[in-house]
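# Commentary on secondary and tertiary structure
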Amino acid sequence: MALSLKAEQKNLIRLFETEDIYVIPAYQRPYSWEEEQCEQLYKDITNAFDNKEDYFLGNIIVARSKDSCEESMPHVIDGQQRLLTLFLIAKILTILCPQFKRYRKMLYVEDSKEENRSPKFVSKLYETQDDTIIQKISEWDDDEIIGRFSNRVNSKEELKDTKLYSNLYYFYKCFSAFKLNLRDSDFDEFVEFFFRRIYLLPIELDGSSIQEASEKALTIFETLNNRGMSLENADILKANLYENARNIGKQEHFILLWKDVRNDCNELGISIDDLFRYYYHVLRGKEGIVSPEKKLRDYFLKADESPLHKSGYELIMEDLNHIIDILQYIKQAHTNGGVNSIWFQIIDAYSNKYPQFALVAYLFHYSINCDESKLLEFLQSLIRCAYSKGSTTSIKFEIYNIIYCIFYDKDIPAYDEIKPTGILEWKKISPLRRGFALLALALSTHNLLAEDEFIIDRIINKRESLIYNSLGNLLVLDCAKARGDWSKKKSVYTKRISNDVIKDLLHNIEDRDSYIKQRDNDLKKILESFFNIKDIV
């Protein structure tokens, strides 16, 4: 896909004095500038005016289709927050200085008969009232703005309706005060400065359709953007699902479903991107795909097997909610005192999410009510697979195969014959020490029921000790860490720890050095047996 772009620095007259209406796509985020950002922009602009300097406000990126009339309008990929804020300032300045009729007309687009006006911006966001508010602000005349805000200024009340309203009010206060400190001619000069000497650099990408143009624009955006604020995949996938629902007149139903999914993800402490990543691995398993992963956006928008091309929004949302149910079950299972609770914690303690992807795939296929003994067998095989390889993303290739086996009801490898590759050396254990400590505890005790999230402390805290970095020095706790030397911590832990198995272990620690050395040897033997470490010819 060739990237054909246009880029030319423009002031606000050249940006706004056109028949273009800037479209904010449905996948964009709502207008969200805080007062702190507005204050900084106000100071920057007024300082530039005082110093008689031009002011450059950065790049904006827009996409434009070559086909239909509506889609030929510029769609804002990056810069909507700044553009809408400049629109708010321009509205206030043309209210405070009504003689600038040319600039006032730039804030809307008239039809050829000058009978109907459209705002300079249209927001396609369906989760907010941004478009309605932009329409209202565009239509308000001088008397309505001044009447609406003057009492608030005099009484120093704060407007708390929305970011667009509150920032419009903020700029009304600021520029009203700024005008009072200037002669009329100087403020007129400032208005001219605002429209003529504030610059942006629009980068425009076009395509045969708005989707093609937007993909090009998003590529440029992600290349130029070094602030880590790129759009999440979920923003774009949400827009596609919304369109799917809108095409059959069920957009309101989709909005309700999406809000529930978003709230559930917040409660789980995951992003919607994370949710789609779990879904992606489920879909790969169903399709029997074991090749390297594609980017989420590329898979869902471009792959022939994507459910966006094969299924309606309701089926996709049903699958996403199924995964949410599984994640909620896993979260509860960590500490429900069940026979598999500690094994769930060991999976979660791994250094990346690939084992978790496999676990979700297993429960998606076999359900959360599957046979517990078979689930335990699967968990232990998954742990052998992951932990025997150490902390590495290369585990993903084994995980691809495991997920494939799950959905095609093939035997999942037991990974019960591991080559002696130093997996119990400290350098391999260290990045996964919480998981190894939990695993060693689970294997060395019977019927250990996890009713809390376990944490790890060290018995000896002196780094210079030869046994500081050893498995035997790691102590699993079901309470908060204590401070101080061992005698003090032991006293605290004796009172805090509620798990009887862990409390019994604590009482056995007397001669620390010899205890830790012996314990290290014992735990490694237990782990060797679990991994069945042996030379394989």
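Residues numbered from 1 in each chain as written. Predicted model: local features only at pLDDT ≥ 70, side-chain atom pairs only at ≥ 80, totals over all residues. Heavy atoms only, no water.

To characterise two packed helices, one gives the angle between the axes of the helices and the distance between these axes. The interhelical angle for the contact between helix 3 (residues 80-96) and helix 8 (residues 184-197), taken along N-to-C directions, is 150°, at an axis separation of 11 Å. Here helix 8 runs roughly antiparallel to helix 3, going by the angle between their axes. With respect to the hand of their crossing, helix 3 and helix 8 are arranged in left-handed fashion. Contacts between helix 3 and helix 8 involve Leu 86, Ile 89, Ala 90, Leu 93, Thr 94 and Leu 96 from the former and Phe 187, Phe 190, Val 191, Phe 194 and Phe 195 from the latter. Partitioned by chemical class, the residues of the contact of helix 3 with helix 8 number 10 nonpolar, one polar and no charged. (Axes fitted to C-alpha atoms, helices over the stretch in contact; angles between N-to-C directions. Helix = DSSP H or I, 4+ residues; strand = E, 2+ residues; numbered from the N terminus. Parallel < 35°, antiparallel > 145°, perpendicular 65-115°, else oblique. Left-handed = near helix turned anticlockwise from the far one by under 90°. Contact = heavy atoms within 4.5 Å. Nonpolar A, V, L, I, M, F, W, Y, C, P; charged D, E, K, R; others polar.)

Turning our attention to the confidence of the model for the protein chain. For residues with low pLDDT, the predicted coordinates do not support detailed interpretation. Overall, the predicted model of the protein chain reaches an average pLDDT of 87, with 91% of residues at or above 70. Below a pLDDT of 50 lies the segment residues 154-159, which in the model reaches 11 contacts outside its immediate sequence neighbourhood of four places, other chains included. (pLDDT = per-residue confidence, 0-100.)

Side chains that are three or four residues apart share a direction in an α-helix, a result of its 3.6 residues per turn. Compared with the 18 Å implied by 1.5 Å per residue over 13 residues, the 18 Å span of helix 17 (residues 354-366) between its first and last C-alpha is a close match. Among the 13 residues of helix 17, 11 are classified as buried, and the element is accordingly described as predominantly covered. On its buried face, helix 17 sits against helix 12 (272-287), helix 15 (313-333), helix 16 (341-348), helix 18 (372-387) and helix 19 (395-407). The positive-phi residue at the C-terminal boundary of helix 17 is Ser 367, with phi of around 80°. (Expected span 1.5 Å × (residues − 1). Buried < 20%, exposed > 50% of the residue type's maximum accessible area, 1.4 Å probe, protein only.)

Burial analysis of strand 4 (residues 55-65) places nine of its 11 residues in the buried class, which makes it a mostly covered element. When strand 4 meets strand 9 (residues 198-207), the two strands line up parallel, connected through nine bridges. Paired with Ser 65 across the bridge in strand 9 is Gly 207. In the sheet, strand 4 pairs with strand 5 (residues 75-78) via three bridges, with the strands oriented antiparallel. Counted as the bridge partner of Ala 63 is His 75 from strand 5. (Pairing = 2+ DSSP bridges.)

Counted according to the given criterion, the structure contains 22 salt bridges. Here Asp 78 makes a salt bridge to Arg 82, at a shortest N to O gap of 3.7 Å. Asp 78 gets classed as buried once you look at its relative accessible area, which sits at 16%. A residue is classified by how much of its surface remains accessible, and Arg 82, at 14% relative accessible area, is buried. (Salt bridge = Lys/Arg side-chain N within 4 Å of Asp/Glu carboxyl O.)

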